[in-house]
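# Fold and contact review
One-letter residues, chain by chain:
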Amino acid sequence: MALSRRLFLSAAAAPLAAAYRPNIVWIWADNLAYQDLSVYGSRRVSTLAIDGLAHGGVRFTQYYVAHTVCSPSRAALLTGRQPFRTGIVDVLRPDSPAGLPADEVTLADVLRGLGYATAAIGKWHLGDRREYLPTEHGFDHYFGMPYSMDMLPAHLYRGHEIIEDLGGENVADITTRYVDEAIRFARANRRRPFFIYLSHTIPHPPLVLPAKERRPGRPIYDDAIEYMDRETGRLLAVLDELRLGENTLVFFSSDNGPMAPGGQTGPLRGRIRDAYEGGVRVPFIASWPGRIPAGRVVGTPAIAYDVFPTVVRLAGARLPTNRLYDGQDIWPLLAGEGDFKRRQPFFWVYLDNVTAIRDGRWKLHVAEREKPRAAPELYDLESDPGESRPVADAHPEVVKTLRAKIAEFQATVPKVWRLDYPVRDPRKLKSGVRR
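Please read these numbers as outputs of a predicted model, since none were measured by experiment. (Residues numbered from 1 in each chain as written. Predicted model: local features only at pLDDT ≥ 70, side-chain atom pairs only at ≥ 80, totals over all residues. Heavy atoms only, no water.)

### Brief notes about the pairing of strand 14 (residues 362–368)
Here is the rule: Working definition: with a 1.4 Å probe on protein chains only, accessible area under 20% of the residue-type maximum means buried, over 50% means exposed, and in between means partly exposed. Strands are runs of DSSP state E lasting at least 2 residues, helices are runs of H or I lasting at least 4, and numbering of each runs from the N terminus. Here a strand pair is declared whenever DSSP counts at least two bridges between the two strands.
Counting buried positions over the seven residues of strand 14 gives six, a clear majority of the element. Here strand 13 (residues 353–359) runs beside strand 14; their pairing, made up of four bridges, is antiparallel. By the bridge assignment, A356 is partnered in strand 14 with H365. In this sheet, strand 15 (residues 371–380) lies alongside strand 14 in antiparallel orientation, the contact comprising six bridges. From the neighbouring strand, A367 faces strand 15, where its bridge partner is P372. Turn length for the strand 14-strand 15 hairpin, with the two strands adjacent in sequence and antiparallel, is two residues, and the turn residue R369 shows positive phi of about 55°.

What follows is the structure, encoded as structure tokens:
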């Protein structure tokens, strides 16, 4: 284990005085759009289970992911750091030589150090070589796929071993199998704190569902969301059956905006790979009966790397001082207790370019992925969340201030070297990849 990681775990394992050490269940969908849930305004689907989670807890209307695509977005959530700090700056492909480095400390590392049982179930997408798999990053247990459903061959792993190839009809019930696995894990560990990281692989295309989940004449995308909702509800029901609900903090979110044309971003502009709101603003729901008041709606902006420091403190650990964290503890927003003041703006970085900044009501776009914009685009998100009315000409002083903040932050972003590599057979041997 790297020295910096040992130092972190030594610090993290020293618990603070805490009345609760909650179970943590993180559930997210793959490429779910901002308005794909009925509780967020969809009129095409009925998501009763996830809506119920929101009604029993808190729902955020301005929650952001830290990147426009899945691998860096997931790295930020699990480490509490800007994705480029972890070396994950774009989507990882099958057999990529890159992945989440060994010296990064994940939420699972911290929680396992506090005595939690930890499981990663579903999509991982932070590297598919053995040294990058969840079992090397704090998870006792792994059952899932190392990358997206559209990246073939689709291998199903248990631990670090491939146990099945998924394709055609045998992938149709994978969501049910993921939830079955989560339920088994919760039952087996109900007498100790646990962390379940459940990452659905839908509604990311291509979509294949069990025949019983299809409704004639209806888009498969909508059926997929309702299927995911019912299966999520099955897990929530078991937590209640085990009488774990009152000591379990459940989150639900999405990793970025939609890829499929059926994704509903509502009034928001943009989709996956866009730094516009539709690409980075996603659903975020948290429920903890008795600790998070029911029925709250929060409009204060928050971002994915806030989850790490929040959960670490709730579990009774400390953040160390040997690395830089970008997130803040958002418990005051979750529980409606105390004051919360954002210390720094949100920056979105694509490869090694800052593309956009959100600071208070203002959002400035200066690049589209690698390409700088001819002129910056400024939007007032309070009056124009759809980013349809640029106001840079009316507020040159705001543009100047935000560009200065971007320049200061850009100076901290390391250079990214693009890497082309041949795709070899991704079936793993003990020594690595079969050549």
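### Considering the environment of Y40
To keep it simple, the criterion reads: The contact criterion used is simple: two residues touch if any of their non-hydrogen atoms lie within 4.5 Å. Two N or O atoms form a polar contact when they lie within 3.5 Å of each other; inside protein one atom must be a possible hydrogen donor and the other a possible acceptor, and for residues adjacent in sequence the pair counts only when both atoms belong to side chains.
Along the chain, the position of Y40 falls in the loop between strand 1 (23–29) and helix 2 (48–55). In sequence terms Y40 and G266 are 226 residues apart; their C-alpha atoms lie 9.0 Å from each other. Every residue in contact with Y40, bar those within four places of it in the chain, is listed here: Y34, Q35, R59, F60, P283, F284 and I285. Within the local environment of Y40, its side chain forms a polar contact with the backbone nitrogen of F284, the two atoms lying 3.0 Å apart.

### Quick notes on the pattern of salt bridges
What counts, and what does not: One side-chain nitrogen of Lys or Arg within 4 Å of one carboxyl oxygen of Asp or Glu is enough to make a salt bridge.
One pass over the full model with this rule turns up 34 salt bridges. Note that D222 and R44 form a salt bridge whose closest N and O atoms lie 2.7 Å from each other. Note that D222 is positioned in helix 7 (residues 220–241) and R44 in the loop between strand 1 and helix 2, a separation of 178 residues in sequence. For D222, a relative accessible area of 3% corresponds to the buried category. R85 is the partner of D326 in a salt bridge, and the nearest nitrogen-oxygen pair spans 2.8 Å. With D326 in the loop between helix 9 (307–314) and helix 10 (331–335) and R85 in helix 4 (residues 83–86), the pair connects residues that are 241 residues apart, well separated along the chain. You can call D326 buried: its relative accessible area is 5%.

### What about the confidence of the model for the chain?
Heads up, the condition is: Summary of the metric used: pLDDT quantifies the predictor's per-residue confidence within the range 0 to 100.
Of all residues in the chain, 93% attain a pLDDT of 70 or more, and the chain-wide mean is 92. Low confidence marks residues 10–19, where pLDDT is under 50. Its contacts with residues over four positions away, or in another chain, come to 18 contacts.

### Notes on empty space enclosed by the protein
Operational definition: Points on a 1 Å grid over protein atoms alone make up a cavity when a 1.4 Å probe fits among them but cannot get out, and a pocket when they form an open set with protein on both sides within 12 Å along at least five of seven lines; lining residues each have an atom within 4 Å of a point. Grid points are joined across faces, edges and corners, and a volume is the space filled by probe spheres set on the points. Polar here means any residue outside two lists: the nonpolar Ala, Val, Leu, Ile, Met, Phe, Trp, Tyr, Cys and Pro, and the charged Asp, Glu, Lys and Arg; Gly therefore counts as polar.
Using the criterion set out here, one finds three cavities of 30 Å³ or more in the structure. One number sums up the size of the largest cavity: a volume of about 60 Å³. Every residue along the wall of the largest cavity is listed here: M149, V171, A172, I174, T175, I202, P206, V208, L209 and Y227. Its residues assigned to classes, the lining of the largest cavity comprises nine nonpolar, one polar and no charged.

### Overview of the packing of aromatic side chains
Pairs of aromatic rings are described using the distance from one ring centre to the other and the angle between the two planes. The test is simple: The criterion for an aromatic pair is that two Phe, Tyr or Trp rings (for Trp, the six-membered ring) have centres within 6.5 Å, with stacked assigned to planes under 30 degrees apart, edge-to-face to planes over 60 apart and tilted to the rest. A ring is scored as having a charge over it whenever the NZ atom of a lysine or the CZ atom of an arginine sits within 6 Å of its centre and within 35 degrees of its normal.
Tallying each qualifying case throughout the model produces 22 aromatic pairs. Judged by centre distance (5.2 Å) and plane angle (70°), the ring pair of Y34 and Y40 falls under edge-to-face. Like Y40, Y34 is buried. Ring centres 5.8 Å apart and planes at 35° place the aromatic pair F139 and Y197 in the tilted group. Taken together, the residues span a long stretch of sequence, with F139 in the loop between strand 3 (117–123) and strand 4 (141–145) and Y197 in strand 7 (residues 194–199) at a distance of 58 residues. Take Y197: its relative accessible area is 0%, and that puts it in the buried class. Members of the aromatic cluster, each reached through a chain of ring pairs, are W26, W28, F60, Y63, W124, F139, F195, Y197, F251 and F284. The ring of Y276 has R269 lying over it, and the distance from NZ or CZ to the ring centre is 3.9 Å. One residue, R291, lies across the ring of W288, its end atom 4.7 Å from the ring centre.

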